[in-house]
Amino acid sequence: MKMLRLLSLLLPALSALSCAQGTPAPYGALPTPAQVAWQRMEMNMFVHFGPNTFSGKEWGDGTEPEDMFHPTALDCRQWARTARDAGFRGIILTAKHHDGFCLWPNPESAHTVAQSRWRDGRGDVLRELSDACREYGLKFGVYISPWDRNDPRYGSPAYNDAFVKTLESVLDGRYGPVYEQWFDGACGEGPTGRRQVYDWPLFNGTVARLQPDAVIFSDAGPGCRWVGNERGVAGETSWSTLNIEGFSAGAGAPPIDTLTRGNVGGAAWVPAETDVSIRPGWFWRASENDRVKSLQHLLKIYYESVGRNSLLLLNVPPDTCGRIFATDSLRLMELRAALDTIFAEDLAAGARVHATARRGRAFRPALLLDGDPDTYWAAREGDPAPEVTLSFPSPVTFNRIVLQEYIPLGQRIASFRVEAQDEAGEWNALASGTTVGCKRILLTPRTTARALRLRIDASLATPLLSGLSLYDDRIYAE
Ligand code: FUL
């Protein structure tokens, strides 16, 4: 009798250990394949360029003569080469900023490069940049401001239709695929003193119709969201899910702290994009040539954006020649070299991996270490506190822990802890956090460990992790 009771207790546990469970079901809001590809780009370059580059203003008022735009040696290939060498995967250009000036010959506007003397009115920055992006293997994106301080139709329904034609003249394929459409929510007065009531469904629908794979940025998505500040800081808690129903870009946006953190279990997949400039301003000006952010500052931004489940969009504004200024480009090369050094060697490689309960070979814990974001360790369904332990053949010394969730099936982890076993065999708490998402980088004190244990204390659904790696950063000093 006793034996039978023991068996009945043990059997479910034994079968839980040995039986394979199937592929985990998706949970909650899911990214589209384009959003997954977008987030895996990690770092892209923002380029603010236009009449403001020449006037020294941050916001032109729309009265600037077209001839104000006169780059003396425009070289979009230099931008693309710099971006590629810095490790960016794409470039987003301010095709039209709030002053209304179009960097391409927009037939819908009388305030464009075609009305300027630059290249005898035959220049087209979008053409040159999209070609250069293709040449250097980068994706091409555009910022097109709905706020227009030049267009006399601004402030009337006719403007919305004109804006759609403007979008069409960029997105209809003449410049190739556009990976991201950046919509600024700003809605100030136009030349007649009126404000526009933007038709967001019409604008978003136009982008979706012409470039179905473009991720649409705005304060409220739908493709990705503003992170809520321009300092380069994503939330320590950073959900890619957001409730956007009833919200719109600009004044109708969700509250700032919601933009920063997202909504746990939010209804739509709208990950945070962290936009920040390498200089104090968005546009180049000579007076800021000695205020380019330091390497340490850029590393901090990297850890607090890419390392917090966000994409980093770093603005690097070209100068009046039409080239990226030497200080900025050297700083980018320092950043690349630093990141390459920091992340050169994954110290977790070669560890033995053990999880509390297995789910079957296809989801075995060793997949955490294979460097492939599309294979993952899945905990067992119903395991209340899944745990994975890495045992190292010999002690390793590290101060960065990189965790990656398998996001195509939804963002899940809500609370976790990491402990390290020291050389004397003692387990010590090392780090803890809330969300993980596509990539979470934990900065810890430099630690030497025989083993490392990750415990997932709370998760919206069975956790799925595609990566766990360790690095020793000897460059960034917190
Ligand atoms: C803001 C704009 O008003 C700034 O000029 C800049 O373009 C920034 C990226 O977005 O809303």
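Here is what the cut-offs are and how they apply
- Residues numbered from 1 in each chain as written.
- Predicted model: local features only at pLDDT ≥ 70, side-chain atom pairs only at ≥ 80, totals over all residues.
- Heavy atoms only, no water.
- Helix = DSSP H or I, 4+ residues; strand = E, 2+ residues; numbered from the N terminus.
- Rg over C-alpha atoms; globule rule 2.2 N^0.38 Å.
- Buried < 20%, exposed > 50% of the residue type's maximum accessible area, 1.4 Å probe, protein only.
- Areas by Shrake-Rupley, 256 points an atom, 1.4 Å probe, with all protein chains shown as cover.
- Lys, Arg positive; Asp, Glu negative; His and termini not counted.
- Charge placed at Lys NZ, Arg CZ, Asp CG, Glu CD.
- Domains from an automatic or database assignment.
- Contact = heavy atoms within 4.5 Å.
- Buried area = accessible area lost by both parts, 1.4 Å probe.
- Arc of directions from axis to C-beta.
- Salt bridge = Lys/Arg side-chain N within 4 Å of Asp/Glu carboxyl O.
- Phe/Tyr/Trp six-rings, centres within 6.5 Å; stacked < 30°, edge-to-face > 60°.

1. A closer look at the overall build of the chain
Line of reasoning, step 1. Helix and strand counts for the chain come out as ten helices and 17 strands.
Line of reasoning, step 2. Here the chain has a C-alpha radius of gyration of 25 Å; the compact-globule value for 478 residues is 23 Å, and the two agree.
Line of reasoning, step 3. Taking the principal axes of the C-alpha coordinates as reference, the chain spans close to 95 × 45 × 35 Å.
Line of reasoning, step 4. Counting all 478 residues of the chain, 57% fall into the buried class.
Line of reasoning, step 5. A total accessible area of about 19,000 Å² is found for the chain, and carbon and sulfur atoms account for 53% of it.
Line of reasoning, step 6. Of the side chains in the chain, 50 bear a positive and 56 a negative charge, and the two mean positions are spaced by 5 Å.

2. Topic: the domain arrangement of the chain
When the parts of a complex come together, some accessible area is lost, and that lost area is often taken as the interface size.
Line of reasoning, step 1. Partitioning the chain into structural domains gives domain 1 (33–342) and domain 2 (346–471).
Line of reasoning, step 2. Its C-alpha centre places domain 1 at a distance of 35 Å from the equivalent point of domain 2.
Line of reasoning, step 3. Contacts between the two partners involve 19 residues from domain 1 and, on the opposite side, 22 residues from domain 2.
Line of reasoning, step 4. When domain 1 packs against domain 2, close to 1,600 Å² is buried across both sides, 59% of that on carbon and sulfur atoms.

3. Structural notes on helix α7 (residues 200–210)
Residues separated by three or four positions in an α-helix point in the same direction, a consequence of the helix having 3.6 residues per turn.
Line of reasoning, step 1. What α7 keeps buried is the set Trp200, Phe203, Asn204, Thr206 and Val207. All buried residues of α7 lie within an arc of 155° about the axis, which places them on one face of the element. Every exposed residue of α7 that faces more than 90 degrees away from the buried side is listed here: Pro201 and Arg209.

4. Thoughts on the pattern of salt bridges
Line of reasoning, step 1. Applying the stated criterion across every chain, the model contains 31 salt bridges.
Line of reasoning, step 2. We note a salt bridge from Arg331 to Glu334, for which the minimum N-O separation is 3.4 Å. Within this pair, Arg331 and its partner Glu334 are both found in helix α10 (residues 326–342), separated by three residues, close to a single helical turn.
Line of reasoning, step 3. Arg331 gets classed as buried once you look at its relative accessible area, which sits at 17%.
Line of reasoning, step 4. The exposure class assigned to Glu334 is partly exposed, which follows from its relative accessible area of 36%.
Line of reasoning, step 5. It is possible to trace a salt-bridge network through shared partners that takes in Glu387, Glu419, Arg453 and Arg455.

5. What to know about the packing of aromatic side chains
Line of reasoning, step 1. One pass over the structure, following the stated rule, counts 30 aromatic pairs.
Line of reasoning, step 2. Consider the rings of Tyr154 and Tyr198, whose centres lie 6.5 Å apart with planes at 70°: the pair is edge-to-face. Taken together, the residues Tyr154 in the loop between β3 (139–144) and α6 (157–171) and Tyr198 in the loop between β4 (180–182) and α7 connect sequence positions 44 residues apart. Comparing Tyr154 with Tyr198, the two get one shared label, buried.
Line of reasoning, step 3. On the numbers, 5.4 Å between centres and 70° between planes, the contact of Phe183 with Trp200 is edge-to-face. A residue pair is termed long-range when its members are at least 10 positions apart, and Phe183 in the loop between β4 and α7 and Trp200 in helix α7 qualify at 17 residues. Take Phe183 and Trp200: they sit in the same class, and that class is buried.
Line of reasoning, step 4. Taken together, the aromatic side chains of Tyr154, Tyr159, Phe163, Phe183, Tyr198, Trp200 and Phe203 make up a single cluster linked through ring pairs.

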